[in-house]
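# An overview of the molecular structure
Residues per chain, in single letters:
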Amino acid sequence: MVYSIESNGFSAKFDSYGARLISLKDREGLEYIWQRDARYWSDCAPILFPVIARTRDGKITANGKEYRMPKHGLLRNAEFEVAEQKPEAITFMSAANEETKEAYPWNYVFYVTFSLCDNQLTTAFRVENKDENQMYFCLGAHPAFNVPLTNEEAFEDWRLVFEKEEVLYSNHTNEDESTSAKKDLILAAGNNLPLRRTLFDNDAMIFEEIGSKKVELIGKSGKGVSFAYEDFPNLAIWTKGEPSDAPYVCLEPWFGMGFRDDEGYAIEEKYGVLKLEPQKDFTVSFMVTML
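Anyway, here's the lowdown on the structure attached to this text. (Residues numbered from 1 in each chain as written. Predicted model: local features only at pLDDT ≥ 70, side-chain atom pairs only at ≥ 80, totals over all residues. Heavy atoms only, no water.)

### Brief notes about the overall build of the chain
Of regular secondary structure, the chain possesses 0 helices and 24 strands. Here the C-alpha radius of gyration of the chain, 18 Å, is about what a compact globule of 291 residues would show, namely 19 Å. With respect to the principal axes defined by its C-alpha atoms, the chain has extents near 55 × 45 × 35 Å. With 291 residues in all, the chain has 57% of them scored as buried. At a minimum sequence separation of 6, the contacts of the chain that also span at least 24 residues come to 65%. Summed over its atoms, the accessible surface of the chain is roughly 12,600 Å², and 44% of this surface lies on carbon and sulfur atoms. Each charge class in the chain can be summarised by its mean position, and for the 32 positive and 48 negative side chains these summaries are 1 Å apart. (Helix = DSSP H or I, 4+ residues; strand = E, 2+ residues; numbered from the N terminus. Rg over C-alpha atoms; globule rule 2.2 N^0.38 Å. Buried < 20%, exposed > 50% of the residue type's maximum accessible area, 1.4 Å probe, protein only. Contact = heavy atoms within 4.5 Å. Areas by Shrake-Rupley, 256 points an atom, 1.4 Å probe, with all protein chains shown as cover. Lys, Arg positive; Asp, Glu negative; His and termini not counted. Charge placed at Lys NZ, Arg CZ, Asp CG, Glu CD.)

### So, the pattern of salt bridges
As enumerated under the stated definition, the model contains 13 salt bridges in all. With a closest N to O distance of 3.3 Å, E128 and K130 form a salt bridge. Here R260 makes a salt bridge to E208, at a shortest N to O gap of 3.1 Å. Taken as a pair, R260 in the loop between β22 (248–255) and β23 (274–276) and E208 in the loop between β18 (205–207) and β19 (214–218) lie far apart in primary sequence, 52 residues in all. Three or more residues are tied together by salt bridges with common partners; here these are K183, E208, R260 and D262. (Salt bridge = Lys/Arg side-chain N within 4 Å of Asp/Glu carboxyl O.)

### Regarding the sheet that holds strand β1 (residues 2–7)
Paired through their backbone hydrogen bonds, the strands of a sheet run either parallel or antiparallel. Strand order in the open sheet made by the 3 strands is β1-β2-β3, with antiparallel pairing throughout. Each of the sheet's edge strands pairs with one partner strand only, and the pair in question is β1 and β3 (20–25). Strand-to-strand twist across the sheet, computed as the mean angle between neighbouring axes with direction ignored, equals 20 degrees. In the sheet, strand β2 (residues 10–15) pairs with β3 via 5 bridges, with the strands oriented antiparallel. Note on β3: the bridge partner recorded for A12 is L24. (Pairing = 2+ DSSP bridges. Axes fitted to C-alpha atoms, helices over the stretch in contact; angles between N-to-C directions.)

### Details of the nonpolar core
Grouped together as the largest cluster of nonpolar side chains are 98 residues, with contacts concentrated most on F49, Y104, F110, L160, F162, L217 and I237. Residue contributions to this core peak at 6 residues, all from β22. Every residue in contact with L217, bar those within four places of it in the chain, is listed here: F145, V147, W158, R159, L160, L195, K223, G224, V225, V249 and L251. (Core = buried A, V, L, I, M, F, W, Y, C linked by side-chain atoms within 4.5 Å.)

In structure tokens:
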């Protein structure tokens, strides 16, 4: 089911299936979110939990037992309940059940709250460990933004502007596996990275422990988004490389990442995995500002 929130002429829509952000519009009705086209990508903003991307051979082990794990985890195909709704905010909830325990053994409750204040949308995740044992999980977001926003611009008219001067190396990726040692130099100096398709020929750019906690995805017109991810250590940026003309770019804040060449199946040993004690909760958020 689709739900909407509004704030002073700005609007956002969400699908309870996956608690996806499916629309984000300014006062003029300009759409910022990728509108899903299976020719390129049939999704637009999955929530990544309790893993990111693929696990090794599509499985994990937990406490020595093996489980099959879907790509990006359990929530992208989960039907969420609405826990609370206000004109400018909505909270969705999904809890562990017998089906989720076939892939992930812990009892959890997952909340995502979307709050709109004028042109700024805040997304907050809250994970509650309802289990008797310490819980291990990775966590991330995957929103896709229209690039370009209008027919007057091309993909190459857009750029990424980081809040700090950076020397950026990306984890080298190959079909969702990241190398622990090999890195690709993406930005040698400065904070301005013009978009080009070849940046994505090896899949996503993945920046570990990035210094900047805000980045602008912006076109030559000045339109775009400012993306703030203060709480997250890693940032991935993805679209399809050559020869695709996929008209979107994903900005993805992560705890953890897809499987690395130096790790096995144990979720307890995954890079960047979060550990949550019994009956405790973990909260994290990021913000999108329409420019």
